[in-house]
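Residues per chain are reported as follows:
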Amino acid sequence: MRTADGGARAAAPPRARGADGGSPMGSERVEMRKRQVCAAQGPAASAPGPRGVGNRGPNACCFCWCCCCSCSCLTVRNQEEQRLRSASYELRTEDLPICEKSPGPSLEEASAWAQSFDKLMLTPAGRNAFREFLRTEFSEENMLFWMACEELKKEANKTMIEEKARIIYEDYVSILSPKEVSLDSRVRETINRSMAEPSPHIFDDAQLQIYTLMHRDSYPRFMNSALYKDLLRSLSEKAVEA
């Protein structure tokens, strides 16, 4: 190629092309563009995405994405467990003898309780008053056991006898029960052997032991208690007013 003054100009070297035969310096532009894209996507790729159904954390629960202790499914689960515990407690409470329905004692009847323990235990009003006293001494289980044994003796159905005997055993005889009554080893072993085929009188020896314990230990304190004295005073005042 010649210049305007007629001289010869050296031919320019051909421009470099990319490996793919594209525009000059194409490979550099492609590489630069890749680096820019990677740089832009880097933080987003490294950041953890929301924990959905397909990407749960190791501690995520089964109904929600979060793993905190206050999430909704854990709340539902805790409420269900509490409901079951309440239902179990209510069912167990129904097995316990409640205070016997009886009219209030007369002054003559309440005064007769001081004559003997047998007269106190003979009437529902006497048993209720004594049971109230035992509750203040944290020994109400003795009266509950005695009453449960009395109810068992009235049962004739074999299936109900077995069920009631099991409940009485678990509530008052088992060493694992918080309401275990005080029985000697001989009586306890006899009951254990008889539990395979219980009868309505399976707890007779144990019932007699607890009756004797209440007679000798709790009954004298009941006679001297403020509860009994206040009852007598109240009945005396009503008798005078009448």
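Residues numbered from 1 in each chain as written. Predicted model: local features only at pLDDT ≥ 70, side-chain atom pairs only at ≥ 80, totals over all residues. Heavy atoms only, no water.

In the nomenclature of an unreviewed UniProt entry, the protein chain corresponds to Regulator of G-protein signaling 20 isoform X4 from the organism Neophocaena asiaeorientalis asiaeorientalis.

## Here we look at the overall build of the protein chain
Just so we agree on the cut-off: Helix and strand definitions here come from DSSP, where helices need a minimum of 4 consecutive H or I residues and strands a minimum of 2 consecutive E residues; each element is numbered from the N-terminal end. Relative accessible area decides the class of each residue, using a 1.4 Å probe on protein chains only: under 20% of the type maximum gives buried, over 50% gives exposed, and in between gives partly exposed. Contacts between residues were defined by any pair of non-hydrogen atoms, one from each residue, lying within 4.5 Å. Accessible surface is estimated by sampling points in the Shrake-Rupley manner with a 1.4 Å probe; for residues, cover comes only from the protein chains shown.
When you go through the protein chain residue by residue, the secondary structure sums to 10 helices and zero strands. What you see in the protein chain, going N to C, is helices and strands ordered as α-α-α-α-α-α-α-α-α-α. For the protein chain, the proportion of its 242 residues judged to be buried stands at 28%. The long-range share in the protein chain, meaning contacts at least 24 apart out of those at least 6 apart in sequence, stands at 55%. Total accessible area on the protein chain stands at roughly 16700 Å², and carbon and sulfur atoms take up 56% of it.

## A word on the side chain of Gln207
For Gln207, the location among the structural elements is in helix H9 (residues 204–223). Residue classification places Gln207 among the buried residues on the basis of a relative accessible area of 4%. For Gln207, the contacting residues outside a window of four places in its chain are Phe145, Trp146, Cys149, Glu150 and Lys153.

## Some thoughts on the packing of helix H5 (residues 124–136) against H9
Basically, it comes down to this: Angles shown run from 0 to 180 degrees and are taken between the N-to-C directions of axes, each axis being a line fitted to C-alpha atoms and, for helices, limited to the stretch in contact. Orientation is classified from the angle alone, with under 35 degrees giving roughly parallel, over 145 giving roughly antiparallel, 65 to 115 giving roughly perpendicular, and any other angle giving oblique. Here the term charged refers only to Asp, Glu, Lys and Arg, the term nonpolar to Ala, Val, Leu, Ile, Met, Phe, Trp, Tyr, Cys and Pro, and the term polar to all other amino acids, Gly among them.
Relative orientation of the contacting elements H5 and H9 amounts to 90°, with a least axis distance of 10 Å. Between H5 and H9, the angle falls in the class roughly perpendicular. Of the residues in H9, those touching H5 at Ala129, Phe130, Phe133 and Leu134 are Met214, Ser218, Tyr219, Arg221 and Phe222. Residue composition of the contact of H5 with H9, by class: seven nonpolar, one polar and one charged.

## Description of the side chain of Ser218
Among the structural elements, Ser218 can be located in helix H9. For Ser218, a relative accessible area of 3% gives the class buried. In contact with Ser218, other than residues within four places in its own chain, are Phe130, Phe133, Leu134, Glu137, Ser139 and Leu213.

## A look at the packing of aromatic side chains
For clarity, the threshold we go by: Ring pairs shown here join Phe, Tyr and Trp side chains whose ring centres sit within 6.5 Å, with only the six-membered ring taken for Trp; geometry is labelled stacked below 30 degrees between planes, edge-to-face above 60, and tilted in between.
Under the counting rule described, the total for this entry stands at 11 aromatic pairs. Connected via pairs of aromatic rings, a cluster forms that spans Trp113, Phe117, Phe130, Phe133, Trp146, Tyr211, Tyr219, Phe222 and Tyr228.

## Considerations on helix H6 (residues 140–153)
Defined as follows: Take the number of residues in a helix, subtract one, and multiply by 1.5 Å to get its expected span.
Taking 1.5 Å of rise per residue, the 14 residues of H6 would be expected to cover 20 Å, and the 21 Å separating its terminal C-alpha atoms lies within 8% of that figure. Counting buried residues in H6 gives 11 out of 14 residues, a clear majority hidden from the surface.

## Quick notes on the pattern of salt bridges
In plain terms, the rule: Between Lys or Arg on one side and Asp or Glu on the other, a salt bridge is scored when a side-chain nitrogen of the former is within 4 Å of a carboxyl oxygen of the latter.
Counted according to the given criterion, the structure contains 13 salt bridges. In this structure, the salt-bridge partner of Glu155 is Lys164, at a minimum N-O distance of 3.1 Å. Among the residues examined, Lys164 registers a relative accessible area of 26% and is labelled partly exposed. Glu162 is the salt-bridge partner of Lys158, the closest N and O atoms lying 2.6 Å from each other.

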